[in-house]
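Reading the structure
Below are the chains, spelled out letter by letter.
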Amino acid sequence: RLRDDDAISEIMTACDDPLVSKQMAYMLARQGVRPEIDGLAEELDRVMDGAHLPEHFHELARDLDVLEPKTPDDIYKTHLEKRPASAAAVDSARANLASTFVNAFVNLGFGADKLMLPEGNKWLYKNKEHGMTSAAASLGALLCWDVDGGLTQIDKFLYMSDTNIKAGALLAVGILNCGVRNECDPALALLNDYVEPGAETPQLKMGALLGLGLAYLGTRKAEVLEQLVPVVADLDTPLEVVAMASLSLGLTFAGSCHEDITQTIIAALMEREEASLETESLTRLLCLGVGLLYIGRQGEADLALELAKAVPGEAGAYCAITLETCAYAGTGNVLKVQRLLGLAGEHNNKEEEEEEAAPAPAAAGAAAGAATLAPPP
């Protein structure tokens, strides 16, 4: 909570008890804090990198006897449904997409399932378009944290000709590396090429950008900053790509109060056309990217809040509320809660004015009928 890496380093180096040091290393790994400490034992470095996470997770699952993969039908309890014997199961893309998400979450980190990994490409083609992206990305959740073993299974999908599957595989690389660090830095090596200006289609860029944000969540990695800030600042970049880059910067530098990133994202909001910002739903991700930079930092977000209020239109108001909400997230600040409740209780005067200006249906019908029956002049 203090976010003082120097104090953390001092405490870790001053501790003489190896068991206490290891416990503190596990606590830091759980919180995603990885200070660079010189002279620390190699084993403690590996613990803070999350190298033991897959092994310990599987041991816990084995002890709890939940290591056996579950299917979506086990969660839906379809065997309890009363259906006529003649009723055939409908194989719809929407139902398959739901099963993809259920399968990914219920088997997360186990490295095995009964849907994606055994059937190979079959399940991918039971989905359509973005559903195929989700199915490919679910591999990252199934193989989560196992960087060495997981990358070999995801790598083949990066060479698929279908853009949806390839974008999902890029996202899977990011999910796979979330919460762990590897000395080879495979996420940056694999995803970096897809972020280059003009290198790939917007869909592939968005998959790679979100993958980078998840892979380096909270790490404040300088290479990610150098790669993504130009993407946000480029006015020729499609808005949806800029939105994903902003979100990834917010994830990577969460709670850092990074002024350069804040100014870059808010400048992107100011320089874009107000109409395009209001019609594009992904605009909110730019605002969320700014908010994540100040997550839990309370008063330190005041300057950024004033900058957000300078953004014209509804996008500026949304950005200011999102930033303020993130800055005071989890604090229980009564004044902020009351203010947000007041905003939630306000009515949209614009909608009321439009309703009052529009003629009632009955009156409009009567006027149309009178016009039709009126004799010609």
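Refer to the preceding data block for the structure.
Within each chain, residue numbers correspond to sequence positions counted from 1 in written order. Totals for whole chains, interfaces and linings use all residues, but because this is a predicted model, local features are given only for residues with pLDDT of at least 70 and pairs of side-chain atoms are given and counted only at 80 or more. With hydrogens and water set aside, each side-chain value is computed from the structure's full complement of heavy atoms.

**Topic: the pattern of salt bridges**
Salt bridges are identified by distance alone: a Lys or Arg side-chain nitrogen within 4 Å of an Asp or Glu carboxyl oxygen. Inspection of the entire model under this criterion finds seven salt bridges. For Lys114, the salt bridge goes to Glu68, with nearest N and O atoms at 3.8 Å. Of this pair, Lys114 sits in the loop between helix H6 (93-106) and helix H7 (130-142) while Glu68 sits in the loop between helix H4 (53-63) and helix H5 (72-76), and the two are 46 residues apart along the sequence. When salt bridges that share partners are traced, they join Asp185, Lys221 and Glu223 into one network. Strands are runs of DSSP state E lasting at least two residues, helices are runs of H or I lasting at least four, and both sets are numbered from the N terminus onward.

**Some details on the packing of helix H18 (residues 313-327) against helix H19 (residues 334-345)**
Axis definition: a line fitted to C-alpha atoms, limited for helices to the stretch in contact. Angles are taken between N-to-C directions and run from 0 to 180 degrees. Following both chains from N to C, one finds H18 and H19 inclined at 150°, their axes separated by 11 Å at the closest point. One way to sum up the angle between H18 and H19 is to call them roughly antiparallel. Our pair here, H18 against H19, has a crossing hand that is left-handed. Within the contact between the two elements, H18 uses Ile321, Glu324 and Thr325 and H19 uses Lys336, Arg339, Leu340 and Leu343. Our angle categories are set so that under 35 degrees counts as roughly parallel, over 145 as roughly antiparallel, 65 to 115 as roughly perpendicular, and the remainder as oblique. When the near helix sits turned anticlockwise from the far one by under a right angle, the crossing is termed left-handed; a clockwise turn instead gives a right-handed crossing. Any pair of residues with heavy atoms lying within 4.5 Å of one another is described as a contacting pair.

**Some remarks on the packing of aromatic side chains**
Think of it this way: a Phe, Tyr or Trp ring, Trp meaning its six-membered ring, pairs with another when their centres are within 6.5 Å, and the plane angle makes it stacked under 30 degrees, edge-to-face over 60, tilted otherwise. Per the counting criterion, the structure on display carries two aromatic pairs. An aromatic cluster of three or more residues is present, and its members are Phe57, Phe110 and Trp145.

**Details of helix H8 (residues 147-155)**
Summary of the burial criterion: residues with accessible area below 20% of their type's maximum are buried, those above 50% are exposed, and those between are partly exposed, where the area comes from a 1.4 Å probe applied to protein chains only. Regarding H8, the residues found buried are Val147, Gly150, Leu151 and Ile154. What you see down the axis of H8 is that its buried residues fit within an arc of 100°, all on one side. The outward face of H8, more than 90 degrees from its buried face, is lined by the exposed residues Asp148 and Thr152. Turning to H8, the residues buried within the fold contact H7, helix H9 (163-176) and helix H10 (186-191). Throughout, the arc means that of the directions going from the helix axis to the C-beta atoms.

**Description of the nonpolar core**
What tends to happen in soluble globular proteins is that the nonpolar side chains get buried as a cluster. One finds Ile154, Leu286 and Leu323 to be the most contacted residues of the largest nonpolar core, which totals 77 residues. If near-sequence neighbours (up to four positions away) are discounted, Ile154 is found in contact with Leu139, Gly140, Leu143, Ala169, Ala172, Val173 and Leu176. The next biggest cluster of nonpolar side chains, apart from the first, holds eight residues, and it includes Met12, Leu28, Leu44 and Met48. Put simply, a nonpolar core is a bunch of buried Ala, Val, Leu, Ile, Met, Phe, Trp, Tyr and Cys residues held in one set by side-chain atoms that sit within 4.5 Å of each other.

**Examining unusual backbone geometry**
A positive phi angle, close to 55°, is found at Asp185, a residue other than glycine. Mapping Asp185 onto the fold places it in the loop between H9 and H10. Positive phi is not limited to glycine here, since Arg220 has a value of about 55°. By the secondary structure assignment, Arg220 is in the loop between helix H11 (202-215) and helix H12 (222-233).

**Overview of the side chain of Ser246**
As for its position among the elements, Ser246 is in helix H13 (residues 239-252). The class of Ser246 is buried, set by a relative accessible area of 0%. For Ser246, the side chain forms a polar contact with the main-chain oxygen of Val242, separated by 2.9 Å. Those residues in contact with Ser246 that sit more than four places away from it in its chain are Val232, Ile265, Leu285, Leu286 and Gly289. Polar contact is the term for a pair of N or O atoms within 3.5 Å; when the atoms are in protein, one must be able to donate a hydrogen and the other to accept it, and sequence-neighboring residues count only if both atoms are side-chain atoms.

**Considering the packing of H9 against H11**
Their axes nearest at 7 Å, the elements H9 and H11 cross at an angle of 10°. In terms of axis orientation, H9 runs roughly parallel to H11. Where H9 approaches H11, its residues Thr163, Asn164, Lys166, Ala167, Leu170, Leu171, Gly174 and Ile175 are matched on the opposing element by Gln203, Leu204, Gly207, Ala208, Leu210, Gly211, Leu214 and Ala215. Along the lines of polarity and charge, the residues of the contact of H9 with H11 split into nine nonpolar, six polar and one charged. Classes in brief: Ala, Val, Leu, Ile, Met, Phe, Trp, Tyr, Cys and Pro nonpolar; Asp, Glu, Lys and Arg charged; the others, Gly included, polar.

**A few points about the environment of Met132**
Tracing the backbone shows Met132 in helix H7. On the accessibility criterion, Met132 (7% relative accessible area) is buried. Linking Met132 and Lys166, residues 34 residues apart in sequence, is a C-alpha distance of 9.2 Å.

**Some points on the side chain of Thr133**
Among the structural elements, Thr133 can be located in helix H7. Taking relative accessible area as the criterion, Thr133 reaches 15% and is therefore assigned buried. In contact with Thr133, other than residues within four places in its own chain, are Asn164, Ala167, Gly168 and Gln203.

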